[in-house]
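Fold and contact review
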Amino acid sequence: MNKKGHVLNAVLLSIGLGYLFVPVGDVETFKTIIMIGVPITLGALFPDVDTAFGKHRKTLHNLPVLLGFVAFPYVFGNLEYVWIGVLTHYVLDVAGSKRGIALFYPISTQEYGLPTGVTVSSKRADFVTAVVTVGELALAAMVVFELPQLVFELGRQLVGL
Ligand SMILES: [Zn+2]
C-alpha cells in the first residue's frame, strides 16, 4: 500500500480506537484520538522508510522490528502506541496489497500476503484499505469488550465459583 493508504488506515483506526476506549464522544474521546492517533500514524509511516534504506518490504517489514517497537516503551519509557501503527502497516500490506511482506526477515526473505490484496495503484485500494480497517476495529472491539469477560469467566471456573 502507498503512503496515502497507510495514513488513511492509521487515521481511521485511531478514530475508531478512540471511540472504543472512550465511547462517550466528548472532549476526552477527542483527546484520546489525538493522543494515540499521532504516534499510530507516525508508526504506520515508519516501515516504508526501507524504500530508501534497506530492502523494501523486508528490512523494516518483519516481526523483529515490530517486537522492538512493542518493547521500546518498557525499556525507554516513551513511544507508546507507535507499535500499533507499525502493526497496522504490516496488516494492510499483508491483507490489502498484492505483494506481501517478509515477516521473518532476516531469517527468511519469503514474502507473505493474503489473496485479498490488490495492487498499490488499483482503483479499489482505498476501498480495500477501509475494509481492512473495519476488520481491525472489529478485532480490537472483541479484545476490548470480550476478552476481559472471557478472562473473568475462566478465572471464575478455575477457582470453582
Ligand atoms: Zn509497507
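Keep in mind the model is a prediction, meaning the values are calculated, not measured.

**Notes on the overall build of the chain**
Within the chain, the secondary structure is distributed over 5 helices and 0 strands. Ordered by position in the sequence, the α and β elements of the chain form the string α-α-α-α-α. If you line up the chain on its principal axes, its C-alpha atoms span 55 × 35 × 35 Å. For the chain, the residues scored as buried account for 27% of the 161 residues in total. Within the chain, contacts between residues separated by at least 24 positions form 58% of all contacts whose residues are at least 6 apart in sequence.

**Observations regarding the UniProt feature "transmembrane region" (unreviewed entry) in the chain**
With numbering aligned to this structure, UniProt lists the feature "transmembrane region" (unreviewed entry) at residues 7-24, 30-47, 59-76 and 127-147. With 89% helix and 0% strand, residues 30-47 has its two end C-alpha atoms placed 27 Å apart. The span residues 59-76 carries 78% helix and 0% strand; its end-to-end C-alpha distance comes to 23 Å.

**A few points about the environment of G113**
Relative to the helices and strands, G113 is located in the loop between α4 (82-96) and α5 (125-158). When the C-alpha atoms of G113 and A95 are compared, they prove to be 6.2 Å apart, with 18 residues separating the residues in sequence. In this view, G113 contacts V94, S97, K98, R99 and G100; residues no more than four positions away in its chain are not counted.

**Section: helix α1 (residues 3-21)**
Taking 1.5 Å per residue, 19 residues should reach 27 Å; α1 reaches 26 Å between its end C-alpha atoms and fits that length. Lining the buried residues of α1 we find α2 (27-45), α4 and α5.

What counts as what
Residues numbered from 1 in each chain as written. Predicted model: local features only at pLDDT ≥ 70, side-chain atom pairs only at ≥ 80, totals over all residues. Helix = DSSP H or I, 4+ residues; strand = E, 2+ residues; numbered from the N terminus. Buried ≥ 20, exposed ≤ 12 C-beta atoms within 10 Å, placed from the backbone. Contact = placed C-beta atoms within 7 Å. UniProt positions renumbered as here; feature names shortened; annotations may be inferred. Expected span 1.5 Å × (residues − 1).

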